[in-house]
Amino acid sequence: MLLCAAWPSLAVEPIKIARDDVALDLSRAVEIHHNQGENFQVSTAPGADGIVRRIEVEANDKRSTGDWAVFALANTTDQQLDRLIVAPHFRMVNSGIFWPDLGSTRISAITPSEGFALDRQASPDADVFRVTLNPGTVVTFVAELASPKLPQVYLWEPDAYKDTINSYTLYRGIVIGIAGLLALFLTILFVVKGTSMFPATAALAWAVLAFICVDFGFLTKIIEITPGNEQMWRAASEVALAATLVVFLFAYLNLNRWHGHFSYGALAWILGLVLIAGVAIIDPPVAAGIARLSFAATALAGLCLIVMLSIRGYDRAIMLIPSWVMILVWLVGSWMAVTGMLDNDIAQPALGGGLILIILLIGFTVMQHAFAGGALHQGLLSDLERQAAAVGG
């Protein structure tokens, strides 16, 4: 009991910073203290003289939750070092399946044990603070948290961080551009043939585009989104993705022709997801969790249906096998990411690119039906030309 009571007052262990360090993950070295009130006291890391000091920090945000984070940095070089402390708002890795963490502002302010509070740098998708470490100094930082969770904290060299952001921006732009072209092209296929398969595929493509725009932070550049509404948009995009996958599976396989119960089941499933979309306004984590479970259930149910119909020789089910294998692979990768088994910074953008590959493969599969059966020829003929051909016959 004495050790537990004395634990908050123990000095933190400083992290040594070298001149050649480009990026350091501070997540495991950060100590989180919950429900400590507006005034927080902590012992600093031992300075160059070996003395441990006691400091008190007052919350700057009036809506403070009383949650604090503490870490210490030591400049072991003989040069002054400039670094960026970066805490991303959203991270898919280890976000969870039930009541997932959909992102929010993580850090309100950072106060060092010496000097003034750190200056916040402009960034739409992360909390970025610039810090200057003098030679041979050991500085303890107390961060006032805006949310109870702090998924990741990185210490970046400024130029390296800028180059990394630029490279990710290029990749995200390419992915969003391909997603937009696919959604537009699949929508134009309405002109070729107006069966239910084409609007369902186009709806799935638009849902993927919306999901990627929210995940890559592109939506904030189109419309103004307040920090508190990011979770709602992210949950709504996940619900739309889950709902359109059900619609596509039902329309592509023509399940209503096999049994009437399929129609009732799909309708009830879609109506349930529509109601969940309303829940996303009130409680986004609950809606996102149900949408993730629905997506997984749809993928597994679709696998069973495709296997059953393929055994019966249904050509559409056979042609959908490659696309559905890609969906299952993406589902396994997403499960490993959100549960923390796949802990990598490139997991989130890679999953976004994987969705584009899935839509591209589905688009090729749908186009085979559009053009192989003479649909293009029939779509380009007007009523007058068909009547003339009939009279000629």
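Residues numbered from 1 in each chain as written. Predicted model: local features only at pLDDT ≥ 70, side-chain atom pairs only at ≥ 80, totals over all residues. Heavy atoms only, no water.

## Section: helix H8 (residues 284-311)
Between its first and last C-alpha atoms H8 spans 41 Å; for 28 residues at 1.5 Å apiece the expected length is 40 Å, and the two agree. Directly after H8, the chain includes Gly313, whose backbone phi takes a positive value near 85°. (Helix = DSSP H or I, 4+ residues; strand = E, 2+ residues; numbered from the N terminus. Expected span 1.5 Å × (residues − 1).)

## A word on the pattern of salt bridges
Side-chain pairing between opposite charges can occur once the charged atoms of the two side chains come close. Counting across every chain of the model gives eight salt bridges. Measuring nitrogen to oxygen at the nearest pair gives 2.8 Å for the salt bridge that ties Asp343 to Arg91. Residue Asp343 is found in the loop between helix H10 (321-338) and helix H11 (347-372), and its partner Arg91 is found in the loop between strand S7 (81-88) and strand S8 (107-112); the two are separated by 252 residues along the sequence. By relative accessible area, Asp343 is classed as exposed at 51%. Under the relative-accessibility criterion, Arg91 is labelled buried at 12%. With its nearest N and O atoms 3.0 Å apart, the salt bridge here joins Arg292 to Glu238. With a gap of 54 residues between them, Arg292 in helix H8 and Glu238 in helix H5 (residues 230-252) connect regions that are remote in the sequence. (Salt bridge = Lys/Arg side-chain N within 4 Å of Asp/Glu carboxyl O. Buried < 20%, exposed > 50% of the residue type's maximum accessible area, 1.4 Å probe, protein only.)

## So, a nonpolar patch on the surface
Together, Phe218, Ile222, Ile223 and Trp233 make up an exposed nonpolar region whose accessible area comes to about 340 Å². Tracing the sequence through the fold places Ile223 in the loop between helix H4 (219-222) and H5. (Patch = residues over 30% accessible without salt bridge, like charges linked within 9 Å, V, L, I, M, F, W, Y side chains within 5 Å. Areas by Shrake-Rupley, 256 points an atom, 1.4 Å probe, with all protein chains shown as cover.)

## Quick look at the sheet that holds strand S2 (residues 23-25)
Read across the open sheet, the five strands follow the order S2-S12-S7-S10-S9; overall the sheet is antiparallel. This sheet does not close on itself; its edge strands, each paired only once, are S2 and strand S9 (119-121). Adjacent strand axes in the sheet meet at a mean angle of 30°, parallel and antiparallel pairs treated alike. As defined by bridge partners, S7 adjoins strand S12 (residues 154-156) across three bridges and the pair is classed as antiparallel. Along S12, the bridge assignment pairs Ile85 with Leu155. (Pairing = 2+ DSSP bridges. Axes fitted to C-alpha atoms, helices over the stretch in contact; angles between N-to-C directions.)

## A closer look at empty space enclosed by the protein
Evaluation of the coordinates by the stated rule reveals two cavities of 30 Å³ or more. Volume-wise, the largest cavity comes out at about 60 Å³. Residue lining of the largest cavity: Leu204, Val208, Leu241, Leu245, Phe295, Ile327, Leu355, Ile358 and Ile359, and that is the complete set. For the lining of the largest cavity, the elements supplying multiple residues, two or more each, are helix H3 (197-215), H5 and H11. When its residues are assigned to classes, the lining of the largest cavity shows nine nonpolar, no polar and no charged. Empty space within the second largest cavity amounts to approximately 30 Å³. In terms of lining residues, the second largest cavity is bounded by Phe90, Met92, Phe211, Asp215, Arg234, Ser237, Glu238 and Arg292. Looking at the lining of the second largest cavity, the elements with two or more residues in it are H3 and H5. (1 Å grid on protein atoms, 1.4 Å probe; cavity = no way out; pocket = protein on both sides within 12 Å on 5 of 7 lines; lining within 4 Å. Points joined across faces, edges and corners; volume = space filled by probe spheres on them. Nonpolar A, V, L, I, M, F, W, Y, C, P; charged D, E, K, R; others polar.)

## Overview of unusual backbone geometry
The residue Asn35 is not glycine, and still its phi comes out positive at about 55°. Checked against the element boundaries, Asn35 lands in the loop between strand S3 (31-33) and strand S4 (39-43). Within the chain, Asn94 stands out as a residue other than glycine whose phi angle is a positive 65°. If you trace the backbone, Asn94 turns up in the loop between S7 and S8.

## Here we look at the pairing of S7
With seven of eight residues buried, S7 lies mostly within the body of the structure. By the bridge criterion, eight bridges tie S7 to strand S10 (residues 126-133) in an arrangement that is antiparallel. Paired with Val86 across the two strands is Val128, which belongs to S10.

## Observations regarding the packing of aromatic side chains
Per the stated rule, a full pass over the model turns up seven aromatic pairs. An aromatic cluster is present here, built from Tyr154, Trp156 and Tyr161 joined pairwise through their rings. The lysine or arginine in question, Arg234, covers the ring of Phe90, its NZ or CZ lying 3.7 Å from the ring centre. (Phe/Tyr/Trp six-rings, centres within 6.5 Å; stacked < 30°, edge-to-face > 60°. Lys NZ or Arg CZ within 6 Å of the ring centre and 35° of its normal.)

## Examining the packing of H8 against H10
One way to put it is that H8 packs onto H10 with a least axis distance of 10 Å and a crossing angle of 150°. The angle between the axes of H8 and H10 places the two elements in the roughly antiparallel class. Both H8 and H10 take part in a crossing whose hand is left-handed. Residues Arg292, Phe295, Ala296, Thr298, Ala299, Gly302, Leu303, Ile306 and Ser310 of H8 lie in contact with H10, whose contacting residues are Ile321, Trp324, Ile327, Leu328, Trp330, Leu331 and Val338. (Parallel < 35°, antiparallel > 145°, perpendicular 65-115°, else oblique. Left-handed = near helix turned anticlockwise from the far one by under 90°. Contact = heavy atoms within 4.5 Å.)

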